[in-house]
Amino acid sequence: DAGVIQSPRHEVTEMGQEVTLRCKPISGHNSLFWYRQTMMRGLELLIYFNNNVPIDDSGMPEDRFSAKMPNASFSTLKIQPSEPRDSAVYFCASSQQGAGNTIYFGEGSWLTVV
Amino acid sequence: AQSVTQPDIHITVSEGASLELRCNYSYGATPYLFWYVQSPGQGLQLLLKYFSGDTLVQGIKGFEAEFKRSQSSFNLRKPSVHWSDAAEYFCAVAFNDYKLSFGAGTTVTVRA
């Protein structure tokens, strides 16, 4: 079975540009997560969707960040405008609903904003 | 506040030697406990998890972890390390909800 699929794997963009990261969760999973990983802050949960509905976006750093899940098989994380401090690895992850269920991670989107 | 601590930032171990990575959590109740591994340039892969029952949990790649309620710990062990075990290891906890809280990670270097 395919795991969580993310694109692009790597992106370099200039400050001020819009960045869109994409995610396809594992089929049958109804929970989707976006995490950000940096050296300084480690792994942070940005937003959590359940059944395509955003449940917790308290980790979204500011209004420049937005996330959508138009259907069960696709989600996007958008940064507009991007800033150098947004440089990080962004992971999408999915699971079946339920506390303690295994969360499966994609391979990440490595973003560099120059 | 709920938290998870990995006291060791970096551990170097010889190939064939044993490995133990420490993890402590802070919470009133027993959480769900996980260990993930991240190889360079890769995502996180689940090694093992603990919910209840036997406090010694077996995982993939020859890893095991032991939950000790009295110490609020969930340490990861491997009896004999292989060069391919060089990676970053994350302990994570969830408290009756979906949120995984991760430790800062421990980087393992394996020397020949």
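Up top is the structure these notes are about.
Predicted, not measured: the structure shown is a model, and the values here were computed from it. (Residues numbered from 1 in each chain as written. Chains lettered and ligands numbered in written order. Predicted model: local features only at pLDDT ≥ 70, side-chain atom pairs only at ≥ 80, totals over all residues. Heavy atoms only, no water.)

Caption draft 1: Local environment of the pattern of salt bridges. Tallied over the entire structure, the rule returns 13 salt bridges over all chains. Each of A:E62, A:R64, A:E83, A:R85 and A:D86 takes part in salt bridges that share partners, so that together they form one network. (Salt bridge = Lys/Arg side-chain N within 4 Å of Asp/Glu carboxyl O.)

Caption draft 2: Region of the structure containing the nonpolar core. Counting 27 residues, the largest nonpolar core has B:W35, B:L48, B:L76 and B:Y89 as its most contacted members. Considering each element in turn, this core owes the most residues, 4 residues, to strand β10 (residues 87-94) of chain B. Those residues in contact with B:L76, other than ones at most four positions away along the chain, are B:L19, B:E20, B:L21, B:W35, B:L47, B:L48, B:F63, B:E64, B:A65 and B:Y89. Listed in part, the 21 residues of the second largest apolar core include A:L32, A:F49, A:M69 and A:L77. (Core = buried A, V, L, I, M, F, W, Y, C linked by side-chain atoms within 4.5 Å. Buried < 20%, exposed > 50% of the residue type's maximum accessible area, 1.4 Å probe, protein only. Helix = DSSP H or I, 4+ residues; strand = E, 2+ residues; numbered from the N terminus. Contact = heavy atoms within 4.5 Å.)

Caption draft 3: Inspection of the layout of surface pockets at higher detail. Its volume calculated, the largest pocket comes out at about 370 Å³. Lining the largest pocket are 19 residues; nearest its centre among them are A:Q37, A:M39, B:Q38, B:E88 and B:F90. Contributions of two or more residues to the lining of the largest pocket are made by β4 (31-38) of chain A together with β10 and β12 (106-111) of chain B. No other element matches the 3 residues that β10(B) contributes to the lining of the largest pocket. For the lining of the largest pocket, a count of residues per class yields 10 nonpolar, 7 polar and 2 charged. Here the second largest pocket defines a volume of roughly 260 Å³. If you go around the second largest pocket, you meet 17 residues; those closest to its centre are A:F105, A:G106, B:G43, B:L44 and B:Q45. Put simply, the parts of the chain that give the lining of the second largest pocket at least two residues each are β10 (104-105) of chain A together with β5 (32-38) and β6 (44-50) of chain B. Take the lining of the second largest pocket: its biggest share by element is 3 residues, from β6(B). Per-class residue counts for the lining of the second largest pocket are 8 nonpolar, 7 polar and 2 charged. (1 Å grid on protein atoms, 1.4 Å probe; cavity = no way out; pocket = protein on both sides within 12 Å on 5 of 7 lines; lining within 4 Å. Points joined across faces, edges and corners; volume = space filled by probe spheres on them. Nonpolar A, V, L, I, M, F, W, Y, C, P; charged D, E, K, R; others polar.)

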